[in-house]
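Secondary and tertiary structure notes
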Amino acid sequence: METRILVLGAGFGGLELATVVSDALGEDAGITLIDASEAFVFGYAKLDVMFGRSAPDSVRLPYSSFRKPGVRFLRETVRSIDPAARRVTTDAGVHEADVLVVALGADYDFDATPGLVEGGNEFYSVAGAERLRELLPAFDRGHAVVGVCGAPFKCPPAPSEAALLLHDLLVRRGVRDACEISLVMPFGAPVPPSPDTSAALLEAFAERGIAFVSGRRVAALDPARGVVALDDGDELSYDLFLGVPRHRAPHVVLESGLAEDGYVPVDSRTLQTRFPDVYALGDVATVGVPKAGVFSEGQARVVADALVARALGGELPEGYGGRGSCYVEFGGGRVGRVDVDFLSGPKPTGTFREPSGELVAQKQDFGASRRLRWFG
Ligand SMILES: Cc1cc2nc3c(=O)[nH]c(=O)nc-3n(C[C@H](O)[C@H](O)[C@H](O)COP(=O)(O)OP(=O)(O)OC[C@H]3O[C@@H](n4cnc5c(N)ncnc54)[C@H](O)[C@@H]3O)c2cc1C
């Protein structure tokens, strides 16, 4: 009998898992893929929208175009998960599964940072990026603070990219001299596993007069006083705040009994949770790697290969290796890359590739190839 595979979340992880299993098993894939949204949006596309490089509509990839043999996509909102029974309730009904894969990503906890909603902006959601797209053209003097409100957060290089792209925008508009830019990060360096990438970013900040405030996170905003409060009690004055909100697993996951310390613990090699035949992967899980699409995708391939092996009786895949490459925008149309390895050695390592025209093309291909593979 066909195994009923229920995949919650059609982001980087869910889309890749469904695609790999469908490619291998065709009409027998037996997958139900559930997502509350109408469309998928690449994380980095939020920067493109915010800085006016892409129109909001052009970055939405509607799930109606995700058609794969053996995969049924349902646009439903997951309301509860019973991992022991592998039973999921949505706003449309109840789904039972032989194998359950939780790939619901990380949500934002805007209220965890007092003042953020009333007095700041965030660029980590599509709605936040769209709002900033309207606001940024009116900013022409004062202090812009790009600030991270808590770790872990998705795509650790993204706040550095935002600061560099903001610099470019202000230069283009001829107002850079009237503005200051500061970047507040909870890490000691912009990309901790790769000293070379961090050094290149610090050099880029110094060349552009961007202040890097390291080892601190934004604790609160006081819009009445125009002040950003840091977790060590220091304050920065601000006129424009571009924030990375605190992250957490979606409520439905926190309430399911799957999560510990905010995310779902899994075996880093197999992505199995403590419940039989229940996997969690990507940003929703604690795997020992950063929260980024490339990692969610890599984990999805491991789970997909295990499910294909289960169906066809082949060999189980090698465990998840924790390696991935992230493209880093340096501004001025320049793109670098960091190749990181989180799990094979005693500590994470990273190799930096200098910005080049070839990497600009590679980044474009990264998005275009997934778009084609998932959405045709
Ligand atoms: C500004 C920015 C830049 C980034 N740049 C990069 C980059 O260059 N490279 C990179 O690799 N990563 C990047 N990322 C990170 C990347 O977007 C995420 O890490 C990745 O999307 C995580 O994949 P996932 O499958 O784990 O979760 P997601 O892609 O977040 O997917 C989770 C899905 O679950 C759905 N969902 C959640 N709750 C429910 C519910 N209750 N019911 C139904 N559906 C639900 C959501 O709608 C969503 O589609 C960036 C992120 C940001 C914000």
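Residues numbered from 1 in each chain as written. Predicted model: local features only at pLDDT ≥ 70, side-chain atom pairs only at ≥ 80, totals over all residues. Heavy atoms only, no water.

**A closer look at the sheet that holds strand S17 (residues 235-237)**
Reading across from one edge, S15-S16-S17 is the order of the three strands in this open sheet, with antiparallel pairing throughout. The open sheet has two free edges, formed respectively by strand S15 (218-222) and S17, since each of these has just one partner strand. Averaged over all adjacent pairs, the angle separating strand axes in this sheet is 25°, with direction ignored. Bridge count for strand S16 (residues 227-230) against S17 is three bridges, and the pairing is antiparallel. (Pairing = 2+ DSSP bridges. Helix = DSSP H or I, 4+ residues; strand = E, 2+ residues; numbered from the N terminus. Axes fitted to C-alpha atoms, helices over the stretch in contact; angles between N-to-C directions.)

**Topic: the site of the ligand**
Around the ligand sit 26 residues in total, of which Gly13, Asp35, Val78, Asp283 and Val294 are the nearest. The side chain of Asp283 places a nitrogen or oxygen atom 2.8 Å from an oxygen atom of the ligand. About the coverage of the ligand: the protein hides 90% of its 1000 Å² of free accessible area. Of all the secondary structure elements, the ones that give two or more residues to the shell around the ligand are helix H1 (12-25) and helix H8 (293-312). Among the elements that make up the shell around the ligand, the one with the highest residue count is H8 (three residues). Split by residue class, the shell around the ligand holds twelve nonpolar, ten polar and four charged. (Near = heavy atom within 4 Å. Polar contact = N/O pair within 3.5 Å; in protein donor to acceptor, adjacent residues only side chain to side chain. Areas by Shrake-Rupley, 256 points an atom, 1.4 Å probe, with all protein chains shown as cover. Nonpolar A, V, L, I, M, F, W, Y, C, P; charged D, E, K, R; others polar.)

**Details of helix H4 (residues 126-135)**
Listed as buried for H4 are Gly128, Ala129 and Leu132. Taken down its axis, H4 places every buried residue within 95° of arc, on the same side. Against the buried residues of H4 lie helix H2 (45-50), strand S11 (121-122) and strand S18 (240-244). (Buried < 20%, exposed > 50% of the residue type's maximum accessible area, 1.4 Å probe, protein only. Arc of directions from axis to C-beta. Contact = heavy atoms within 4.5 Å.)

**Regarding the pattern of salt bridges**
Under the criterion given, the structure shown has 24 salt bridges. One salt bridge connects Arg301 with Glu297, and the closest N-O pair in it is separated by 3.0 Å. Separated by four residues within a single helix, Arg301 and Glu297 lie in helix H8, roughly one turn from each other. Owing to a relative accessible area of 35%, Arg301 belongs among the partly exposed residues under this scheme. On the basis of relative accessibility, which here comes to 2%, the residue Glu297 falls in the buried class. Where salt bridges share partners, they join Glu16, Asp23, Glu297, Arg301, Arg370 and Arg373 into one cluster. (Salt bridge = Lys/Arg side-chain N within 4 Å of Asp/Glu carboxyl O.)

**Comments concerning the sheet that holds strand S12 (residues 142-148)**
With parallel pairing, five strands are arranged side by side in an open sheet as S11-S18-S12-S13-S14. Unpaired on one side and paired on the other, S11 and strand S14 (210-213) mark the two borders of the sheet. Bridge count for S12 against S18 is five bridges, and the pairing is parallel. Its bridge partner being in S18, Val148 is matched across the sheet by Val244. Along the sheet face, helix H5 (residues 158-172) touches S12, strand S13 (179-184), S14 and S18 and points at about 175° away from the line of S13.

**Brief notes about the nonpolar core**
Ranked by internal contacts, the top residues of the largest apolar core, which has 114 residues, are Leu17, Val21, Ile31 and Phe123. In terms of residues, this core owes the most to one element, H8, which gives nine residues. When sequence neighbours within four positions are dropped, the list of residues in contact with Leu17 reads Val7, Ile31, Val101, Leu281, Ala300, Val303, Ala304 and Leu307. (Core = buried A, V, L, I, M, F, W, Y, C linked by side-chain atoms within 4.5 Å.)

**A closer look at H1**
Residues three or four positions apart in an α-helix share a direction because the helix packs 3.6 residues into each turn. Given a rise of 1.5 Å per residue, 14 residues ought to cover 20 Å, and the 20 Å separating the end C-alpha atoms of H1 matches this to within 8%. Of all 14 residues making up H1, twelve are buried, and the element is well covered by its neighbours. Turning to H1, its buried residues are Phe12, Gly13, Gly14, Leu15, Glu16, Leu17, Ala18, Thr19, Val20, Val21, Ser22 and Leu25. One or two positions beyond H1, positive phi appears at Gly26, with a value near 60°. (Expected span 1.5 Å × (residues − 1).)

**Structural notes on the pairing of strand S8 (residues 93-96)**
Pairing of strand S7 (residues 87-90) with S8 involves four bridges; the strand directions are antiparallel. Among the inter-strand pairings, Thr89 is bridged to a residue of S8, identified as Val94. From the end of S7 to the start of S8, which pair antiparallel, there are two residues.

**Some thoughts on the environment of His251**
Topologically, His251 is positioned in helix H7 (residues 251-254). Considered as a pair, His251 and Glu358 are 107 residues apart in the sequence and their alpha carbons are 41 Å apart.

**Points about the packing of aromatic side chains**
In this structure the tally under the stated criterion is 21 aromatic pairs. Between the aromatic rings of Phe40 and Phe42, the centroid separation amounts to 5.2 Å while the plane-to-plane angle is 80°, which identifies the pairing as edge-to-face. Ring geometry for Tyr238 and Phe241: centres 6.2 Å apart, planes at 75°, overall edge-to-face. Taking relative accessible area as the criterion, Tyr238 reaches 9% and is therefore assigned buried. Grouped by ring-pair contacts, the aromatic residues Phe12, Phe40, Phe42, Tyr44, Tyr63, Phe66, Phe73, Tyr327, Phe366, Trp374 and Phe375 constitute a single cluster. (Phe/Tyr/Trp six-rings, centres within 6.5 Å; stacked < 30°, edge-to-face > 60°.)

**Focus: the packing of H5 against helix H6 (residues 195-208)**
Two quantities define a packed helix pair, namely the angle between the axes and the distance from one axis to the other. For the pair H5 and H6, the least separation of the axes is 11 Å and the interaxial angle reads 30°. In this view, H5 runs roughly parallel relative to H6, as classed from their interaxial angle. For H5 against H6, the interelement crossing comes out left-handed. Every residue of H6 that contacts H5 at Ser160, Leu164 and His167 is listed here: Leu201, Ala204, Phe205 and Arg208. Taken together, the residues that form the contact of H5 with H6 break down as four nonpolar, two polar and one charged. (Parallel < 35°, antiparallel > 145°, perpendicular 65-115°, else oblique. Left-handed = near helix turned anticlockwise from the far one by under 90°.)

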